[in-house]
Amino acid sequence: MSAGAREAARPARPRSLRTKLALSFAAVAAGVTALVGVLSYDAASRLVRVDQEAVFDEVVHDLCQQVTQQTLRPGDFTSGDPDHDGPRDDLTRPAGTDVQVLGPGGTVVDRGNPPLPVGEAARRTARAKEAGTRAEDDDVVIDGDEYRMATVALGDGRGAVQVAQEFSDTEDLLRELQKRTVLFALGVVLAAGLLGWWLARRITSRLVRLAGTAELVASTGRLDVAVPVEGGDEVGSLGRSFDRMLGRLARSVEDQRRLVQDAGHELRTPLTSLRTNISLLRRIGELPPATREELVADLADESRELTDLVNELVDLAAGKEDEEPVADVTLADTAEDVATLARRRTGRTVQVRAEGDTTVRGRPARLQRALSNLVENAAKFDAEGTAPIEIVVTGAAASGVRVEVLDRGPGLPADDADRVFDRFYRAPAARSLPGSGLGLSIVREVAAAHGGVAFAAAREGGGAVVGFTVRGVPGGSRDAP
């Protein structure tokens, strides 16, 4: 492909928003100025022409009245009147009219300045018997200038008076006005373009910086860049939204990184134990029967614990709770189902107490999982206990539904109350017990997704109270289908 073809095939660089705004300002100003200029010029030209014609018509009318009301001769209109109060002065005073006097037969008695042409129509008018007879000519050219001329008879063949008014000055004035209007319109368009450019630059400067920040994030993957958020308009709101989005992305990436690190740490222990036990399987024929049974039991426990850990990690990472449909959930019934399952698995006594309306809008499986985690946690910490595990579900219209699981285990130190819901956190007393440290973290996330919080505290008389509150899925309603 030749250089010219490559240049032609290269896509045109798109215009920036700043250029588009500036051009839009200039285009709007041009359209408005052109419309106003044309209308103004047309109105002004009409007024000037009509005014000039009206003045000339008035002069001709006055001349006709003079010659019909008085018996006037050509000498009455000559320019030699020293007092300047004759009929000729009445004609030239209001409009600077050029006057030329014709005698009988159309001969020129007193020339005008400039001299006016005397045609056949003017001679006939000079010979007319009736005073006031007139002949008009609208297109008279004298020395290159345009005139409007009228010839009025004095009557009885005594002659006539010619009056003329120059219209070239008026047209020159209108042409000058037209030129000035065009220059003014061009000036307005130029000023509008410059003002539009300045305004566009002022408006889009923050958008340009915001776009630069987005390009920096896209090219480097950094989420800790400073985002311009000044201003209270839509651009400032966009900057703040972008800043919040980057903040959430940064927290999400940090949570993901921490989850991977913690998961790697937690997976290392059961995997190490599995590798050790698998290495012993190579010599299983050399081991006594009791050791073989213990080895197989250890493998089963480790694989089960590893399976539970992987399942919980998948639930946390995949966010499946968002895929489950929302429905009315009666937490008192959910508590009964969880209690039945816990009695069958652990053989422990699990009691349920419910008060008030315990129905909320939520995701049934997630709520059941959270409550099941609490009961399993209570049974694990109080494995040798004989006191029943209690589930208390309390409904209140103002505060939502409160779920509590009470046990008589070793209790909960005050320092651990806020940390037990962290991922992979395990209290010192629980580190020898099976589990992944993710159960209570799931409880906290389920509670938060339903507009509530998770809580933990020591129980009076020994043991712990661990639970959560729910108000329903944000945006859901009790009457939603």
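Residues numbered from 1 in each chain as written. Predicted model: local features only at pLDDT ≥ 70, side-chain atom pairs only at ≥ 80, totals over all residues. Heavy atoms only, no water.

K.L.:
Can you help me understand the pattern of salt bridges in this one?
P.N.:
Opposite charge on two side chains permits them to pair, given that their charged atoms come into close proximity. Counting across every chain of the model gives 9 salt bridges. Here Glu120 makes a salt bridge to Arg127, at a shortest N to O gap of 3.6 Å. Judged by relative accessible area, Glu120 falls into the partly exposed class, the value being 43%. Note that Arg361 is salt-bridged to Asp328, the shortest N-O span being 3.4 Å. Linking Arg361 in strand S8 (residues 359-362) with Asp328 in strand S6 (residues 327-330), this pair joins segments that are 33 residues apart in sequence. By relative accessible area, Arg361 is classed as buried at 7%. (Salt bridge = Lys/Arg side-chain N within 4 Å of Asp/Glu carboxyl O. Buried < 20%, exposed > 50% of the residue type's maximum accessible area, 1.4 Å probe, protein only. Helix = DSSP H or I, 4+ residues; strand = E, 2+ residues; numbered from the N terminus.)

K.L.:
Just to check I follow, could you spell out the pairing of strand S9 (residues 389-396) for this structure?
P.N.:
Within a regular strand, the side chains alternate between the two sheet faces. Of all 8 residues in S9, 6 are buried, a share of seventy percent or more. One ladder, built from 6 bridges, connects strand S7 (residues 350-355) with S9; its direction is parallel. Bridged to Ala354 within S9 is Val393. In terms of strand pairing, S9 meets strand S10 (residues 400-407) through 7 bridges, oriented antiparallel. From the neighbouring strand, Glu390 faces S10, where its bridge partner is Leu406. The turn linking S9 back onto S10 is made up of 3 residues. (Pairing = 2+ DSSP bridges.)

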